[in-house]
Amino acid sequence: MLKSAEKVFGGWAGKKPDSKEAAAPPNPRGRHVYLVHVPGAVQTQIFAGCHAITRKHPDWVKLGLTNSLYGGAFNSRLVMNIREDKGYTYSPRSGVSALRQHGYFFRFRRCSK
């Protein structure tokens, strides 16, 4: 496969695309709740999130490990508490997305009727 890629792209002399700075993310004050009603839906999804760091931050690895313990793995504290101990839902999780210039943290929970 590598030989095929080198054969096709080996002579490519294209220039690197310009890197544009993204606008700073908004700095909301307080909490905001958005409800979307879907008539007849048999499940509810709840998302919560906030701004986070990017992969360039010196604490990125620590944040990734902490998220794995909190809710980023099936044996995490969030899953054990919500799913196993209480039996409320079957897919709680959390994650950290490190976009190029501004990352975010989220927590997700799906509930059945």
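These numbers were taken from a predicted model, which means no experiment stands behind them. (Residues numbered from 1 in each chain as written. Predicted model: local features only at pLDDT ≥ 70, side-chain atom pairs only at ≥ 80, totals over all residues. Heavy atoms only, no water.)

Chemist: I'd love a proper account of the environment of histidine 57, names of residues and values included.
Modeler: Relative to the helices and strands, histidine 57 is located in the loop between β1 (43–52) and α2 (60–72). The class of histidine 57 is partly exposed, set by a relative accessible area of 33%. For the pair formed by histidine 57 and proline 28, sequence separation is 29 residues and the distance between their alpha carbons is 22 Å. In terms of polar contacts, histidine 57 uses its side chain to reach the backbone amide nitrogen of aspartate 59, at 2.9 Å. (Helix = DSSP H or I, 4+ residues; strand = E, 2+ residues; numbered from the N terminus. Buried < 20%, exposed > 50% of the residue type's maximum accessible area, 1.4 Å probe, protein only. Polar contact = N/O pair within 3.5 Å; in protein donor to acceptor, adjacent residues only side chain to side chain.)

Chemist: Provide a residue-level description of the layout of surface pockets, including the pertinent values.
Modeler: Taken as a whole, the largest pocket encloses approximately 780 Å³ of empty space. As for the largest pocket, its lining consists of 24 residues, and the residues nearest its centre are Val33, Tyr34, Leu35, Gln45 and Phe47. Classifying every residue of the lining of the largest pocket gives 14 nonpolar, nine polar and one charged. (1 Å grid on protein atoms, 1.4 Å probe; cavity = no way out; pocket = protein on both sides within 12 Å on 5 of 7 lines; lining within 4 Å. Points joined across faces, edges and corners; volume = space filled by probe spheres on them. Nonpolar A, V, L, I, M, F, W, Y, C, P; charged D, E, K, R; others polar.)

Chemist: Could you give an account of helix α3 (residues 77–85), naming the residues involved and the relevant values?
Modeler: Buried within α3 we find Leu78, Val79 and Ile82. Down the axis of α3, the buried set is contained in an arc of 95°. They therefore lie on one face. Opposite its buried face, α3 presents the exposed residues Arg77 and Asp85, each directed more than 90 degrees away. Where α3 terminates, the next one or two residues include glycine 87, which has phi positive at roughly 70°. (Arc of directions from axis to C-beta.)

Chemist: Kindly report on a nonpolar patch on the surface, identifying the contributing residues and their values.
Modeler: On the surface, a nonpolar cluster with roughly 420 Å² of combined accessible area is contributed by Val8, Phe9 and Trp12. By the element assignment, valine 8 lies in helix α1 (residues 2–9). For valine 8, a relative accessible area of 61% gives the class exposed. (Patch = residues over 30% accessible without salt bridge, like charges linked within 9 Å, V, L, I, M, F, W, Y side chains within 5 Å. Areas by Shrake-Rupley, 256 points an atom, 1.4 Å probe, with all protein chains shown as cover. Salt bridge = Lys/Arg side-chain N within 4 Å of Asp/Glu carboxyl O.)

Chemist: Provide a residue-level description of the pattern of salt bridges, including the pertinent values.
Modeler: In total, this model carries one salt bridge according to the counting rule given. A salt bridge links aspartate 59 to lysine 62, with the shortest nitrogen-to-oxygen separation between them at 3.7 Å. With relative accessibility at 57%, the residue lysine 62 sits in the exposed group.

Chemist: Give a detailed account of the side chain of threonine 54, specifying residues and quantitative values.
Modeler: With respect to the element layout, threonine 54 can be found in the loop between β1 and α2. For threonine 54, a relative accessible area of 14% gives the class buried. With near-sequence residues (within four places) excluded, threonine 54 lies in contact with Trp60, Ala98, Leu99, Arg100, Gln101, His102 and Gly103. (Contact = heavy atoms within 4.5 Å.)

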